[in-house]
Amino acid sequence: MSNSTPHWGQGPEGQRKADLGNGFYLNPIMPGDHPDPSILKDGEDYYMTFSTFDAYPGLVIWHSKDLVNWQPVGAALKKPIGSVWAPELTKHEGRYYLYIPTRLKNQGLQGRGSIYVIWADDIRGPWSEPIDLGNPRIDPGHAVGEDGKRYLFLSGGDRVQLADDGLSIVGEMEHVYDGWQYPEEWDVENFAQEGPKITRHGDYFYMILAEGGTAGPATGHMVVVARSRSIHGPWENAPNNPVVRTQSPKEAWWSRGHATLVEGPTGAWYMVYHGYENGYYNLGRQCLLEPIEWTEDGWFRVTGVDVAQPIRLPVEGRAVPHGLALSDDFSRDKFGIQWGFYDPLPEHGVRHRYDNGALVIAGRGTTPADCSPLTCVNGDRAYRFEVEVEVGEGATGGVLLFYSRRLYVGLGFNQGQLLMHRYGTEREMKIPPHVDGKRLFMRVTNRDHIVTFHTSADGVIWHKFQTQMEVSGYHHNVAFDFLSLRPGLYAAGEGEVRFRNFRYEALAAK
């Protein structure tokens, strides 16, 4: 890791942007919580999606022309079917498919789940309703063999054949690959052979997969490769495994793994994968791009660049507008582009509407833990957001930094009291003199993991809340769930909460 301070380009509102504007880019290409990338080259276009876990609408699809600058297209999954883990986006005979492994919330690897599939004739939708494939495994990787048949490769080295239309499973699951055994003395989370992605190149099928566990020690996650001349094996391990691995906790990017190969716009090849940023576990797993090169013996290797330093762009002059402004005046619907409800129940249906410049959310539950807060992904080390909140009779509303139903911080109020949320618990407070119990401007600042709240009666004169909070430990290694700490809004109780003028701003770290 270089001692120099990295300087990214600036996107909307000062957000981090990989494209430096000088022919180079600086990872991450997608800052913030964008884990398990699945990328599709479709002519001159690239599309990518990520695990969205408990956020609905989910599976936001992003578009790029150069692999570095990305623009959201929309969410493909609208119906809640569980916590969405590593998906697979693919195209076959002119039709787009998303294979979606799910788990029931808070039950982890032992939770009942299944793989679903949705399809569309246009990448922008509409997408079909989810079809349950009846297979409880995770991490599907789609492949078409030399026999023309379609397959899903799965975690644990298993494989199952798909029907020709890709919408059902035919035949029995079979074990096809035992993985690559890393040295016993390495510090890893567990073996966890997962995320198999199949690329056909030249005379071989290449299986790119992850081992070592997705979190845990910084040196655990890795990229492993095997190849075969046939989709039916046998699979031969690469002599240079692991192709990618964090060697030391001193590096800028930890737990690098879960890669997919992709051919760039000029014929050069790359890997997209995720990693944790050193010191910022709570931003989640972020998406990185690293160049590779094919060798004379038919394998591939990384080119030796430092992924924490500027790297030459795959191509210049093809960038789409990058990123998304998070500030929202609620004049248009940004659900599935920016906003998503956390773990909503299907029977709740639509609980939001727009009304004269306000986002109106019907209350659910009693606290942030059970009301399905509204959150968005952000990728900045330091930032601030503010919003005007108006609570109706019987409702409680407020602002959050939300990780999961077990872990969050925030500030809320109703017509009788102020509520402080910290460590996933609630504490009732007296209403300050400037709060009328119905309407309040609220501001959240997160700088160097120190969270500060301000409130205002008019949006001009701000009052600092007496309690500040430290949130560097709000991440998977502490609380599981593979999530990130996100800006959020919540509405609990029986009434409605109106939100106006959400404003986001990236800040410089101290």
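Here the structure is a predicted model, which means the values were calculated and not measured. (Residues numbered from 1 in each chain as written. Predicted model: local features only at pLDDT ≥ 70, side-chain atom pairs only at ≥ 80, totals over all residues. Heavy atoms only, no water.)

Enquirer: Looking at this structure, I do not really get the pairing of strand 25 (residues 286-294). What am I missing?
Expert: In regular strands, side chains alternate between the two faces of the sheet. Judged by how many residues are buried, strand 25 sits mostly within the fold: seven of nine residues are covered. Relative to strand 26 (residues 300-302), strand 25 is paired through three bridges, and the arrangement is antiparallel. Within strand 26, the residue paired with Trp 294 across the bridge is Phe 300. The turn linking strand 25 back onto strand 26 is made up of five residues, and Gly 298 within it adopts a positive phi angle of 85 degrees. (Buried < 20%, exposed > 50% of the residue type's maximum accessible area, 1.4 Å probe, protein only. Helix = DSSP H or I, 4+ residues; strand = E, 2+ residues; numbered from the N terminus. Pairing = 2+ DSSP bridges.)

Enquirer: Help me understand the layout of surface pockets, please; the structure alone is not making it clear to me.
Expert: The method is simple in principle: a probe with the dimensions of a water molecule rolls over the atoms, and the space it marks as empty is what remains. Volume-wise, the largest pocket comes out at about 600 Å³. Ile 39, Leu 40, Thr 90, Ile 198 and Thr 199 are the residues nearest the centre of the largest pocket, which is lined by 24 residues in total. For the lining of the largest pocket, the secondary structure elements donating two or more residues are strand 4 (38-42), strand 10 (88-92), strand 14 (141-144), strand 18 (194-201) and strand 23 (253-263). Residues that form the lining of the largest pocket fall into these classes: ten nonpolar, seven polar and seven charged. (1 Å grid on protein atoms, 1.4 Å probe; cavity = no way out; pocket = protein on both sides within 12 Å on 5 of 7 lines; lining within 4 Å. Points joined across faces, edges and corners; volume = space filled by probe spheres on them. Nonpolar A, V, L, I, M, F, W, Y, C, P; charged D, E, K, R; others polar.)

Enquirer: When you look at the sheet that holds strand 28 (residues 340-342) in this model, what are you seeing that I'm missing?
Expert: In spatial order, the strands read 6-28-31-41-33-34-35-36; together these eight strands make up an open sheet with antiparallel pairing. Strands with a single pairing partner mark the edges of an open sheet, and in this sheet they are strand 6 (55-56) and strand 36 (425-429). Summarising the sheet, strand 35 (residues 418-422) and strand 36 pair through five bridges and their orientation is antiparallel. Each bridged residue has a counterpart across the sheet, and for Met 420 the counterpart in strand 36 is Arg 427.

Enquirer: Would you take a moment to explain the sheet that holds strand 8 (residues 71-77) for this structure?
Expert: Think of a sheet as strands paired side by side through backbone hydrogen bonds, with each pair either parallel or antiparallel. The strand order 4-5-7-8 describes an open sheet built from four strands, whose pairing is antiparallel. One side of each edge strand has no neighbouring strand; the edge strands of this open sheet are strand 4 and strand 8. Adjacent strand axes in the sheet meet at a mean angle of 25 degrees when their direction is disregarded. (Axes fitted to C-alpha atoms, helices over the stretch in contact; angles between N-to-C directions.)

Enquirer: I'm lost on the packing of aromatic side chains in this one. Help?
Expert: Each aromatic ring pair is described using two quantities: the centre-to-centre distance and the angle formed by the ring planes. For the structure shown, the criterion picks out 24 aromatic pairs. Between Tyr 206 and Trp 299, the aromatic rings sit 6.4 Å apart at their centres with planes inclined by 80 degrees, giving edge-to-face as the arrangement. With Tyr 206 in strand 19 (residues 204-211) and Trp 299 in the loop between strand 25 and strand 26, the pair connects residues that are 93 residues apart, well separated along the chain. Judged on exposure class, the residue Tyr 206 and its partner Trp 299 are both buried. Ring plane angle 80 degrees and centroid distance 5.0 Å describe the contact between Trp 339 and Phe 502, whose orientation is recorded as edge-to-face. Taken together, the residues span a long stretch of sequence, with Trp 339 in the loop between strand 27 (311-312) and strand 28 and Phe 502 in strand 42 (residues 496-506) at a distance of 163 residues. With respect to class, Trp 339 is no different from Phe 502; both count as buried. Taken together, the ring pairs connect Tyr 204, Tyr 206, Trp 269, Trp 294, Trp 299 and Phe 300 into an aromatic cluster. (Phe/Tyr/Trp six-rings, centres within 6.5 Å; stacked < 30°, edge-to-face > 60°.)

Enquirer: Help me understand the pattern of salt bridges, please; the structure alone is not making it clear to me.
Expert: Side-chain pairs of opposite charge can arise whenever the charged atoms involved come near each other. Applying the stated rule across the entire model yields 26 salt bridges. Of the charged contacts, one joins Lys 65 and Asp 45 as a salt bridge, the two residues approaching to 2.9 Å between their closest N and O atoms. Taken together, the residues Lys 65 in the loop between strand 7 (58-64) and strand 8 and Asp 45 in strand 5 (residues 45-49) connect sequence positions 20 residues apart. You can call Asp 45 buried: its relative accessible area is 19%. Here Arg 381 makes a salt bridge to Glu 277, at a shortest N to O gap of 2.8 Å. With Arg 381 in the loop between strand 31 (374-375) and strand 32 (383-391) and Glu 277 in strand 24 (residues 269-277), the pair connects residues that are 104 residues apart, well separated along the chain. For Arg 381, a relative accessible area of 26% puts it in the partly exposed group. Owing to a relative accessible area of 2%, Glu 277 belongs among the buried residues under this scheme. Through salt bridges with shared partners, a single network forms among Arg 353, Asp 355, Glu 496 and Arg 498. (Salt bridge = Lys/Arg side-chain N within 4 Å of Asp/Glu carboxyl O.)

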